[in-house]
Amino acid sequence: MIGILILSSFIMGFLGRYVANEKNRSKAEGFWLGFLFSLLGVIIVALLPTKEKPKEVLISDEEKGEWDRVIARFHRICSLAEKKNIMVLVDAEESWIQPAIDDIVLKMMKIFNKKKVIVFNTLQAYRKDRLDFLFKTHKKLKQQNIYCGIKLVRGAYMEKERARALKKKYDCPICDNKEKTDELFNKSMKYICLLYTS
């Protein structure tokens, strides 16, 4: 009997996961709702609003030229830092700006962090997605024999992040409380310490 209940829970969990995926929602959210609340959980997932997929952003030739100049300037900064044997620590910004920063910093890490860490990205631990970002970034760079430079902070834009998420009706990317932020900060710090001691 217990085996049937467990099997049924898993089936409902995977059904919830499928429905969540179709609605552009978290697969984990769908799985656990289905697993824990059976058919009711799947119905709840089905009734949740569908999230919009991020729209592809097209930029003009002028904007592309501006972006290319930003990359060229940053390359010059990193190149000079490498010659002077100093580090470049790039600050983090709001979540809607950060992907562009992550992109440019990753490019510079691949160029300048081959022998040692010159370029560092800042990881804001109050963001729910940044521990996973740390794992993936490190793994990607390690496969290419590139050193991963991370400056770890808790975060600075709490009110602005919450207000924008509320106004634009999307899930807030930052932790609900300081305890969760501290937990992610500590896990990130432990992972970073293991990188440099192993």
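Please read these numbers as outputs of a predicted model, since none were measured by experiment.

Draft legend 1. Spatial organisation of the overall build of the chain. Across its full length, the chain carries seven helices and three strands. In sequence order, the secondary structure elements of the chain are arranged as α-α-α-β-α-β-α-β-α-α. When each of the 198 residues of the chain is scored for burial, the buried share is 35%. Taking the contacts inside the chain whose residues are at least 6 apart along the sequence as the reference set, 69% of them involve residues at least 24 apart. Of the roughly 13300 Å² that the chain leaves accessible, carbon and sulfur atoms contribute 62%.

Draft legend 2. Just the environment of E161, in detail. You can see E161 is positioned in helix α6 (residues 158-168). Since its relative accessible area comes to 0%, E161 is described here as buried. Taking the C-alpha atoms as reference points, E161 and S95, separated by 66 residues in sequence, lie 7.5 Å from one another.

Draft legend 3. Focus on unusual backbone geometry. Phi is positive for N85, close to 60 degrees, though the residue is something other than glycine. Its place among the elements puts N85 in the loop between α3 (61-84) and β1 (88-90). For K169, which is not glycine, the phi torsion reads 60 degrees and is therefore positive. For K169, the position within the fold is in the loop between α6 and α7 (178-197).

Draft legend 4. Structural detail: the packing of aromatic side chains. Scanning all chains against the criterion turns up one aromatic pair. Measuring from ring centre to ring centre gives 4.8 Å for F135 and Y191, while their planes differ by 70 degrees; the resulting arrangement is edge-to-face. Within this pair, whereas F135 is found in helix α5 (residues 130-143), its partner Y191 is found in helix α7, the two being separated by 56 residues in sequence. Classification of F135 as partly exposed rests on a relative accessible area of 36%. In this structure, R164 packs its charged tip against the face of W96, placed 4.1 Å from the ring centre.

Draft legend 5. Focus on empty space enclosed by the protein. Using the criterion set out here, one finds one cavity of 30 Å³ or more in the structure. By volume, the largest cavity is sized at about 50 Å³. Taken together, D102, V105, L106, M109, N121, F133, T137 and I150 make up the full set of residues lining the largest cavity. Within the residue set of the lining of the largest cavity, elements represented by two or more residues are α4 (98-112) and α5. The greatest single-element share of the lining of the largest cavity, amounting to four residues, is contributed by α4. Here the residues of the lining of the largest cavity are counted per class, giving five nonpolar, two polar and one charged.

The rules we used
Residues numbered from 1 in each chain as written. Predicted model: local features only at pLDDT ≥ 70, side-chain atom pairs only at ≥ 80, totals over all residues. Heavy atoms only, no water. Helix = DSSP H or I, 4+ residues; strand = E, 2+ residues; numbered from the N terminus. Buried < 20%, exposed > 50% of the residue type's maximum accessible area, 1.4 Å probe, protein only. Contact = heavy atoms within 4.5 Å. Areas by Shrake-Rupley, 256 points an atom, 1.4 Å probe, with all protein chains shown as cover. Phe/Tyr/Trp six-rings, centres within 6.5 Å; stacked < 30°, edge-to-face > 60°. Lys NZ or Arg CZ within 6 Å of the ring centre and 35° of its normal. 1 Å grid on protein atoms, 1.4 Å probe; cavity = no way out; pocket = protein on both sides within 12 Å on 5 of 7 lines; lining within 4 Å. Points joined across faces, edges and corners; volume = space filled by probe spheres on them. Nonpolar A, V, L, I, M, F, W, Y, C, P; charged D, E, K, R; others polar.

Interpretation in functional terms is not warranted from these geometric data alone.
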